[in-house]
Amino acid sequence: MTVRTIPTFPFEGQRPGTSGLRKRVTVFQQQGYLENFVQAVFDCVPELVGGTLVLGGDGRYYNKEAIEVILRMAAANGVQRCLVGRGGLLSTPAASAVIRKHKASGGLVLSASHNPGGPEGDFGIKYNIGNGGPAPEKLTEAIYARTQTLDRYRTQDTKDIPLDVIGHYAIGTMAVEVIDPVADYAELMESLFDFDAIRALFQSGFRMRYDAMNAVTGPYAREIIEGRLGAPAGTVINGEALPDFGGGHPDPNLTYAEQLVAEMFGANAPDFGAASDGDGDRNMILGRKFFVTPSDSLAVLAANATLVKAYKKGLAGIARSMPTSCAADKVAEKLGIECFETPTGWKFFGNLLDAGRITFCGEESFGTGSDHVREKDGLWAVLCWLNVLAVRREPVEQLLREHWARFGRNYYTRHDYEEVDAVDAKGLMQHVIDQLPTLPGKTIAGRTVKLADDFSYTDPIDGSVSKNQGLRIVFDDGARIIFRLSGTGTVGATLRIYIESYEPDPGKHDQDPQIALADLIKAAAQLSELGERTGRDRPTVIT
Ligand code: VG1
Ligand code: CO
């Protein structure tokens, strides 16, 4: 088997976004497209030579083909050992766990997360570093720069590895181990949560529904929830990981997790509902006829952390992404621990977690996690909730109401405008940027603007600066309006508008967020000339 050097030419636009490089499958299928990006990773990460690489993905269309390509390239680039999930599967948090447990130099995770799959859908690839977390911006920028000058990649001729059979194989001098994608992860979960208490909860008649959305968490949820925790068969629905996610949109929100939402809001609803996204890093939490906003979920878990086995001693600190509601800040304040505000994307939590400054972190986009891995972790959040419920034995809604009574309620919503013309979206953002200096002191929606800026973050650990991370307008009563363009979309631009207000009075905790926030929603539209500039009169998705 000889290593071959194949001439290639740079492709435009291989800059990783919020979470890796995401494009249409057809873009990735172009000769050299995947290869170039992977070669750029090998060129930028010398520790992979002679090191261990973890490889797996969410099982979407093109996953296995891509894995075979990457295996050949890894061998040709001098990787010593490659751990691959059986069937090419590894959820994003499981990949992170495997990297950490086996002290790998890094991992390549193949996923476009919640974006639809199939031949016409999306594909993606992301490099994770030795701590198990997404590569920091400095590295993703170096990888991107390398893709722009690349003129060859290395590969090796060999037959395909049988990815469906656990075992030891070799490509040239590289050892390939096809591993059980669930085992290491399930073991980690068992070390964090009180499985006996959760088993007892299920035995007491507690009913749950977990929607794996025909994506990667199916096998994980079946093994952990129905297997190790003894929940009745049928607790996990849509548990088959399919390459096109059964034609669905594997995004666990009120719009796309229709089947689960219908059951949880229907007659005789279960006590607890949850769902995960394509690659298993997101989670949605539902009670009976009750939706838990992700920002609240982070705050509730933080407030109840000492009830959970692994976090009994309390939290070092909490971090949330800038657009995430300030509910977690209220908890941190009461607990007397640090709270950090980072840009959107899990990569910004890595340094804080590594330095031991935070234990929990989360994003409004259905992402919650802890220092057990360096990715957000959907099933972790679900199990953490189960552990809390197993101790408190209260309905989810009651738990939330008590939480709000104690900390106040952060009314919150996100309005997404998908597939907006990219030029229009840029123009809208610029229009808001132009107004920022004039806003402080002004009255909008009956509130006074305290701060208006383009969010910039200085990492407290390594001092690196990340600019242009979203436009925020903060009011003196804690309300906020935030404008951001998505960094994960593949068609046009997705505009996200995040709206929040704070209500300390428990007598006023009963409103529909869309009504409680109506004046701010209207103000955001006026300020940005939303209708005029995008031609839209309503959002594509409301969360
Ligand atoms: C979105 C979310 C962000 C999340 C990212 C990756 O990014 O807003 O909070 O970290 O997706 O999640 P953006 O740039 O589109 O707003 V996942 O589950 O797609 O890996
Ligand atoms: Co995801």
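Criteria and thresholds
- Residues numbered from 1 in each chain as written.
- Chains lettered and ligands numbered in written order.
- Predicted model: local features only at pLDDT ≥ 70, side-chain atom pairs only at ≥ 80, totals over all residues.
- Heavy atoms only, no water.
- Buried < 20%, exposed > 50% of the residue type's maximum accessible area, 1.4 Å probe, protein only.
- Helix = DSSP H or I, 4+ residues; strand = E, 2+ residues; numbered from the N terminus.
- Arc of directions from axis to C-beta.
- Contact = heavy atoms within 4.5 Å.
- Near = heavy atom within 4 Å.
- Polar contact = N/O pair within 3.5 Å; in protein donor to acceptor, adjacent residues only side chain to side chain.
- Nonpolar A, V, L, I, M, F, W, Y, C, P; charged D, E, K, R; others polar.
- Pairing = 2+ DSSP bridges.
- Axes fitted to C-alpha atoms, helices over the stretch in contact; angles between N-to-C directions.
- Domains from an automatic or database assignment.
- Buried area = accessible area lost by both parts, 1.4 Å probe.
- Salt bridge = Lys/Arg side-chain N within 4 Å of Asp/Glu carboxyl O.
- Donors = N, O, S within 2.8 Å, 3.2 Å for Na, K, Ca; no water.

Draft legend 1. The arrangement of helix α5 (residues 137-147) in detail. Among all positions of α5, only Leu139, Thr140, Ile143, Tyr144 and Thr147 are buried. Down the axis of α5, the buried set is contained in an arc of 140 degrees. They therefore lie on one face. The secondary structure elements touched by the buried residues of α5 are α2 (33-44) and β6 (122-129).

Draft legend 2. Up close: the site of ligand 1. In the vicinity of ligand 1 there are 20 residues, among which Thr18, Ser113, Ser365, Gly487 and Thr488 approach most closely. Contacts to ligand 1 include Ser113, whose side-chain N or O atom sits 2.6 Å from an oxygen atom. Across the shell around ligand 1, the residue classes break down as no nonpolar, ten polar and ten charged.

Draft legend 3. Just the sheet that holds strand β15 (residues 317-321), in detail. Strand order across the open sheet formed by four strands is β16-β15-β17-β18, with mixed pairing between neighbours. On the outer flanks of this sheet lie β16 (338-342) and β18 (367-370), each paired with one strand and no other. Each strand axis lies, on average, 15 degrees off the axis of its neighbour in the sheet, ignoring direction. With four bridges connecting them, strand β17 (residues 360-363) and β18 associate as antiparallel partners. Paired with Glu363 across the bridge in β18 is Gly367. Lying over the sheet, helix α13 (residues 378-392) contacts β17 and β18, oriented at roughly 75 degrees with respect to β18.

Draft legend 4. Up close: the domain arrangement of the protein chain. One can read the domain layout of the protein chain as domain 1 (3-181), domain 2 (185-407) and domain 3 (409-542). Domain 1 and domain 2 are separated by 28 Å when their C-alpha centres are compared. Each partner contributes residues to the interface: domain 1 has 34 residues there, and domain 2 has 35 residues. Overall, the association of domain 1 and domain 2 removes approximately 2,400 Å² of surface from exposure, summing both partners, and the carbon and sulfur fraction of that is 58%. Applying the counting rule to domain 1 against domain 2 returns two salt bridges. Notably, a salt bridge pairs Glu187 with Lys101, separated by 3.5 Å at the nearest N-O pair. At the boundary of domain 1 and domain 2, one finds 13 residue pairs in polar contact (both at pLDDT 80 or more). Considering every element that reaches the side of domain 1 that touches domain 2, the biggest residue donor is helix α4 (residues 92-101), with seven residues.

Draft legend 5. Quick peek at the pattern of salt bridges. Counted under the stated rule, the structure contains 40 salt bridges. Asp196 serves as the salt-bridge partner of Arg199, at 2.6 Å between the closest nitrogen and oxygen. Residue Arg199 and its partner Asp196 are both found in helix α7 (residues 195-203); the two are separated by three residues, about one turn of the helix. Members of the salt-bridge network, linked through shared partners, are Arg320, Asp329, Glu341, Asp453, Arg472, Arg480 and Glu500.

Draft legend 6. The arrangement of the pairing of strand β25 (residues 480-485) in detail. Judged by how many residues are buried, β25 sits mostly within the fold: five of six residues are covered. In terms of strand pairing, strand β24 (residues 471-475) meets β25 through four bridges, oriented antiparallel. Counted as the bridge partner of Ile473 is Ile481 from β25. Here β24 hands over to β25 after four residues, with Gly478 in that stretch at a positive phi of 95 degrees. Pairing of β25 with strand β26 (residues 493-503) involves six bridges; the strand directions are antiparallel.

Draft legend 7. Layout of the sheet that holds strand β5 (residues 106-110). Read from one edge to the other, the open sheet built from seven strands follows the order β2-β6-β5-β3-β4-β9-β8, with strand pairing classed as mixed. Strands with a single pairing partner mark the edges of an open sheet, and in this sheet they are β2 (21-24) and β8 (167-171). Looking at each pair of strands side by side, their axes are set apart by 20 degrees on average, direction ignored. Where strand β3 (residues 52-57) and β5 come together, five bridges link them in parallel fashion. Within the sheet, the bridge partner assigned to Leu55 lies in β5 and is Leu108.

Draft legend 8. Quick look at the coordination of the cobalt ion (ligand 2). Those protein atoms acting as donors to the cobalt ion (ligand 2) are Ser113 (OG), Asp277 (OD), Asp279 (OD) and Asp281 (OD), and they sit at 2.0 to 2.1 Å. Here the donor residues for the cobalt ion (ligand 2) map to a single chain with the spacing S-x163-D-x1-D-x1-D. As far as the burial class goes, Asp279 and Asp281 line up, both buried.

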